Amino acid sequence: MRQGLVRVLGGAAILALLAGAAACNSKSNSTTGSSNKNCGYKIAYFGALTGSSANLGVNIEQGAELAVDQYNDKNGANCITIQKFDSQGSPDVAPGLARSLVTDKKIIGVVGPPFSGESEAADPIFSDAGIPLITPSATRPSLSTHGWKVFHRAVANDDAQGPAAAAYIQNVLKATKVFVADDQSAYGAGLADVVKSKLGSAVVDTDKTAADGKQTDFSATVQKIVASGATAFFYGGYYQNAGLLRKQLTAAGWKGVQVGGDGVNDPGFAKAAGNDAAAGSVVTCPCAPASKASGTFVSDYKTKWNTDAGTYSDVAFDAMNIFLKGIDAGNTTPDKMNTYINSVNYSGVANTYKFTSTGELDSSLIKVWAFKFDASGAVVPDQEAPKS
Amino acid sequence: MNFSGLFHSFGPLTITGLAQGAIIALFALGYTLVYGVLRLINFAHSEVFMVGTFAALYTWGFFGLDQNSPTPSLGAVIGYMLIGLAAAIVVSGITALLVEFVAYRPLRRRNAPPLAFLITAIGASLAISSTVGVFTHQNIKGVPPLIRPATVVHLGNWAITNLQILIIGLALVLMFALDRFINYTRLGRGIRAVAQNPDSAALMGVNKGRVISLVFLIGGLMAGIAAVMYVLKIGDTKFDSGFNLGIEAFTAAVLGGIGNLRGALLGGLLLGVVENYVAGLFGTQWHTVGAFVILIAILMFRPTGLLGESLGRARA
């Protein structure tokens, strides 16, 4: 009886081995033999796909994948693959995941990481391995000061976003008493600090919350805000915490305006707060509205993903296209790709991209917009922040 | 240290702390009862609570209510509250009984060492919360605004809202009822007997298995009620919302005297208020640190907790 079982299992194992080998063989045949294009390479997406701030990562991954699909339509199926790495947006998960990414020699570039905290953790590993990265959304200014030659930021950083938020609070909301809080993350605390320094004496009190997804009861912070008499509240952090805060503030009877950064620029904020409470909340973003993206991007995105393009989807689309253009031009090693990106001047659907020597976006190309949540929980563009 | 801020907000911090503490107290009952009878820390109790929150939300969803619905009329609100409470109580109770039946009873039958109970408890907790997380895609679920917070009483800058009165009042009434149940009914006497000495109780004719199931059921019922109060207060729930609150509830149970019902109430209320004061004094990011420092300080001087006695201590 046992012998029979062993024979069956052995036979099945051999069959599986043969099938796997055959599959492997056929795959490698198709990539080398298909065309003269530079195929068989991978660009990685590294960032949140699950977790409390997942939407922000998914928007970017989907924008990047759209670019890869359009490229493969022209150059052969599976010519370039996008390899996804889910960091859950967490700086704890990021380093280990980054180490496994750099061992894959087919990966010659990274779109991401989208969050500043995980960027601080993973970018040194990418830099040591020489893998070029373009982040469509990590805005912490200090990221470009570490001397990482592979770092490129496709948007303005918080040194542009922070003052824009502060200017909006002072000039548009005309608030003289502002409460500032953050979630102690690299992004949230950094942005809140810039806003605090720009607002100066208008800041009546401050507080800190736990990281996004780690706290649901904000009654102590809510109590502080109500007691401070502030008419505007700036929260440096991501949309889930911001939404819960907004909901609990409304329940406590606070009637001021809540302002957030690009981490709050997502319909997930209205889902957490409820449409009524979220209506009127303001978010800034170093991005133009996705609806303003040129060409057919908006409809292409909707056709592929059956949903509207989200925050930074268009920037991620452009970032991936920079990599793809680099591959077209024959830059198929990480080193050559990095040199290519350093000197690129690329007109995409969201913006034109030229990088400085530290990897920042050329300052003449910076855009910062303010958005508002309307009564149905959607984000609508409000106004572009004036260039200071 | 923000003394002026604390002084200025003393009243509101106390009231919101008491409301949060009342929820923690109801939640802590499950831990304290099970420990008193079985000497087991039921880590899965936090998931019993969390499942209750979702049960109430999905029941209200069945009636077409979601977080963007308008607040219904008073009669409808009372009706929805009762239905929500019933759903949460039933689901939490059943979950508690299931956990007891599937996770702990087989171990008891085999006289497993205490470590096996501990690991099973943690495993059950993780299994249930992960499963709910998979089904809800780890998203938060908003709560219909059944109770629009409205200030009922104003004492200076102490504004006491209707929701806070409801939560604190309900917790006090339930604690009183449970206290009378444990101390003045036959079933309650059985619980106290098993807590004192399970084998002697069995010799005296108490059905040990049934008493243990009853203890789990009562803990589950209380957790279900705490769950509904929690969602009305916080406005959202998530697959892991039981976890953090569970740690606080267990801490409250230890603070008040594990195995002691009144201790759970006192511990819960005290913990809620102290956390708020620490948050007001040092900033919200310190509130957990402050609460645990107080806990350690109290345990150093009174290791059995504030009210000390356990469930099984004989009382006339």
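Throughout this document, residue positions are counted from 1 along each chain, in the order its sequence is written. Each chain gets a letter, beginning with A, and each ligand a number, beginning with 1, in the order they are written. In keeping with the predicted nature of the model, local features appear solely for residues at pLDDT of at least 70, side-chain atom pairs appear and are counted solely at 80 or more, and the whole-chain, interface and lining totals rest on all residues.

Visitor: Which parts of the structure should I look at to understand the overall build of chain B?
Guide: Only runs of H or I of at least four residues qualify as helices and only runs of E of at least two qualify as strands under DSSP, and these elements are numbered from the N terminus. Looking only at helices and strands, chain B features twelve helices and four strands. Here the C-beta atoms are placed from the backbone, and a residue counts as buried if at least 20 other C-beta atoms lie within 10 Å of its own, exposed if 12 or fewer do, and partly exposed otherwise. Here chain B holds 316 residues, and the buried ones make up 50% of them. Here contacts are defined at the residue level, using C-beta atoms placed from the backbone and a cut-off of 7 Å between them. Within chain B, counting contacts between residues at least 6 apart in sequence, those at least 24 apart form 79% of the total.

Visitor: Teacher, can you tell me more about the interface of chain B and chain A here?
Guide: How large an interface is tends to be reported as the accessible area lost when its parts come together. Taken together, the 24 residues of chain B in the interface contact 23 residues of chain A. Secondary-structure elements contributing two or more residues to the side of chain B that touches chain A are α2 (10-38) and α11 (261-282) of chain B. A total of four residues in the side of chain B that touches chain A trace back to one element, the largest contributor, which is α2 of chain B. Looking at the side of chain B that touches chain A residue by residue, the class counts come to six nonpolar, 16 polar and two charged. Under this grouping Gly is polar, as are all residues other than the nonpolar Ala, Val, Leu, Ile, Met, Phe, Trp, Tyr, Cys and Pro and the charged Asp, Glu, Lys and Arg.

Visitor: Before we go on, may I ask you to explain the environment of Q88 of chain A in this structure?
Guide: Inspection of the secondary structure assignment puts Q88 of chain A in the loop between β2 (80-86) and α3 (94-102). Considered as a pair, Q88 of chain A and K372 of chain A are 284 residues apart in the sequence and their alpha carbons are 27 Å apart.

Visitor: When you look at helix α3 (residues 45-62) of chain B in this model, what are you seeing that I'm missing?
Guide: Because each turn of an α-helix spans 3.6 residues, side chains separated by three or four positions end up pointing in the same direction. Residue and element names in this part refer to chain B. When the terminal C-alpha atoms of α3 are compared, their 26 Å separation across 18 residues agrees well with the 26 Å that a helix rising 1.5 Å per residue should span. For α3, the tally of buried residues reaches 14 of 18 residues, placing the bulk of the element in the interior. Once α3 ends, the next one or two residues include G64, with phi positive near 90°. An expected span of 1.5 Å times one less than the residue number is assigned to each helix.

Visitor: Looking at this model, I keep getting lost on helix α12 (residues 313-328) of chain A. Mind explaining?
Guide: The terminal C-alpha atoms of α12 of chain A, which comprises 16 residues, lie 22 Å apart, in line with the 22 Å expected from a rise of 1.5 Å per residue. Backbone geometry just after α12 of chain A places G330 of chain A at a positive phi near 95°.

Visitor: I would appreciate a short explanation of the pairing of strand β9 (residues 257-260) of chain A in the present structure.
Guide: Looking down a regular strand, the side chains alternate between one sheet face and the other. All names here are of chain A. At least two bridges found by DSSP between two strands is the condition for calling them paired. Sheet analysis places strand β8 (residues 232-236) next to β9, joined by four bridges and oriented parallel. Bridge pairing in β9 links F233 to Q258. The parallel pair β8 and β9 is bridged by helix α8 (residues 239-251), and the resulting crossover is right-handed. Here β9 pairs with strand β10 (residues 282-285) via two bridges, running parallel. Bridged to G260 within β10 is V283. Handedness of a crossover is defined as follows: with both strands directed away from the viewer, a clockwise route from the first strand across the helix to the second makes it right-handed.

Visitor: Help me out: how do you make sense of the environment of Q161 of chain A in this one?
Guide: All names here are of chain A. With respect to the helices, strands and loops of the structure, Q161 is situated in helix α5 (residues 158-172). Considering only alpha carbons, one finds Q161 and K367, 206 residues apart in sequence, at a separation of 9.1 Å. Setting aside chain neighbours within four positions, we find Q161 in contact with T139, A156, L191, G261, D262, T284, P286 and V368.

Visitor: I'm lost on the packing of α3 of chain B against helix α10 (residues 241-256) of chain B in this one. Help?
Guide: Pairs of packed helices are described in terms of their axes, by the angle between the two and the distance that separates them. Residues and elements named next belong to chain B. Two numbers describe how α3 lies on α10: the axes approach to 8 Å, and their chain directions differ by 130°. With respect to each other, α3 and α10 are oriented oblique. Here α3 and α10 pass one another in a crossing that is right-handed. Along its contact with α3, which presents H45, S46, E47, F49, M50 and T53, the element α10 presents S241, G242, F243, L245 and G246. Residue composition of the contact of α3 with α10, grouped by class: four nonpolar, six polar and one charged. Under this scheme, a helix contributes an axis fitted over its contacting stretch, all axes are lines through C-alpha atoms, and angles between N-to-C directions fall in the 0 to 180 degree range. Orientation labels follow simple angle bins: below 35 degrees gives roughly parallel, above 145 gives roughly antiparallel, 65 to 115 gives roughly perpendicular, and whatever is left gives oblique. For any helix crossing, the convention is left-handed if the near helix is rotated counterclockwise from the far helix by under a right angle, and right-handed if that rotation is clockwise.

Visitor: What am I meant to see in the pairing of strand β2 (residues 151-155) of chain B here?
Guide: The buried fraction of β2 of chain B is low, at zero of five residues. Between β2 of chain B and strand β3 (residues 158-161) of chain B, which pair antiparallel in sequence order, lie two residues; one of them, G156 of chain B, sits at a positive phi of approximately 70°.

Visitor: Help me understand the domain arrangement of chain A, please; the structure alone is not making it clear to me.
Guide: Residue and element names in this part refer to chain A. By convention here, the domain bounds are inherited from an automatic or database domain assignment. Domain boundaries assigned for chain A yield domain 1 (41-156 + 290-355) and domain 2 (159-285 + 369-384). Spacing between the C-alpha centres of domain 1 and domain 2 amounts to 28 Å. Counting from both sides, the interface comprises 16 residues of domain 1 and, opposite them, 18 residues of domain 2. Within the residue set of the side of domain 1 that touches domain 2, elements represented by two or more residues are α2 (54-75) and α4 (116-129). When residues in the side of domain 1 that touches domain 2 are grouped by element, the largest group, three residues, is from α4. When grouped by side-chain class, the residues that make up the side of domain 1 that touches domain 2 number four nonpolar, ten polar and two charged.

Visitor: Looking at this structure, I do not really get the sheet that holds strand β6 (residues 178-182) of chain A. What am I missing?
Guide: Hydrogen bonds between backbone atoms are what pair the strands of a sheet, whose relative direction is either parallel or antiparallel. All names here are of chain A. Read across the sheet, seven strands follow the order β7-β6-β8-β9-β10-β13-β14 without closing on themselves; strand pairing throughout is mixed. Strands with a single pairing partner mark the edges of an open sheet, and in this sheet they are β7 (203-208) and β14 (379-384). Neighbour-to-neighbour, the strand axes of the sheet open up by a mean angle of 25°, direction not taken into account. In this sheet, strand β13 (residues 369-373) lies alongside β10 in antiparallel orientation, the contact comprising four bridges. For V283, the partnering residue across the bridge sits in β13 and is F371. Contacts from helix α6 (residues 186-199) reach β6, β7 and β8 within the one sheet, and its direction differs from that of β6 by about 160°.

Visitor: Hey, could you run me through unusual backbone geometry in this one?
Guide: The phi angle of most residues is negative, glycine excepted, and most peptide bonds adopt the trans form. Residues and elements named next belong to chain A. For the bond running from G112 to P113, omega is -15°, close enough to zero to count as cis. Among the structural elements, P113 can be located in the loop between β3 (107-111) and α4. One non-glycine residue, N306, adopts positive backbone phi at about 60°. By secondary structure assignment, the location of N306 is in the loop between α11 (297-305) and α12. The exposed category is assigned to N306, around which 7 C-beta atoms lie within 10 Å.

Visitor: Mind showing me how you'd approach the environment of T333 of chain A here?
Guide: Residues and elements named next belong to chain A. With respect to the helices and strands, the residue T333 is situated in the loop between α12 and α13 (334-342). Given 13 C-beta atoms within a 10 Å radius, T333 is considered partly exposed. Each C-alpha atom, one on T333 and one on Y41, is 9.4 Å from the other, the two residues being 292 residues apart in sequence.

Visitor: Teacher, can you tell me more about the nonpolar core here?
Guide: The tendency in soluble globular proteins is for nonpolar side chains to be buried as a group. Counting 117 residues, the largest nonpolar core has A64, I169, V178, F234 and M320 of chain A as its most contacted members. Both domain 1 (41-156 + 290-355) and domain 2 (159-285 + 369-384) of chain A contribute no fewer than three residues apiece to this core. When residues no more than four places from it in sequence are discounted, the contact partners of V178 of chain A are I169, L199, A202, V203, V204, A230, A232 and F234 of chain A. To count as a nonpolar core, a set of buried Ala, Val, Leu, Ile, Met, Phe, Trp, Tyr and Cys residues must be joined through C-beta atoms within 7 Å. Counting 94 residues, the second largest nonpolar core, distinct from the first, contains I24, V143, I218 and Y277 of chain B.

Visitor: Teacher, can you tell me more about the sheet that holds strand β5 (residues 151-153) of chain A here?
Guide: Residue and element names in this part refer to chain A. Here five strands make up an open sheet; going across it, the order is β2-β1-β3-β4-β5 and the pairing parallel. The strands lining the two open edges of the sheet, one partner per strand, are β2 and β5. For this sheet, the mean angle separating the axes of adjacent strands, direction not counted, is 25°. Pairing of strand β1 (residues 41-47) with β2 involves seven bridges; the strand directions are parallel. Along β2, the bridge assignment pairs F46 with F85.

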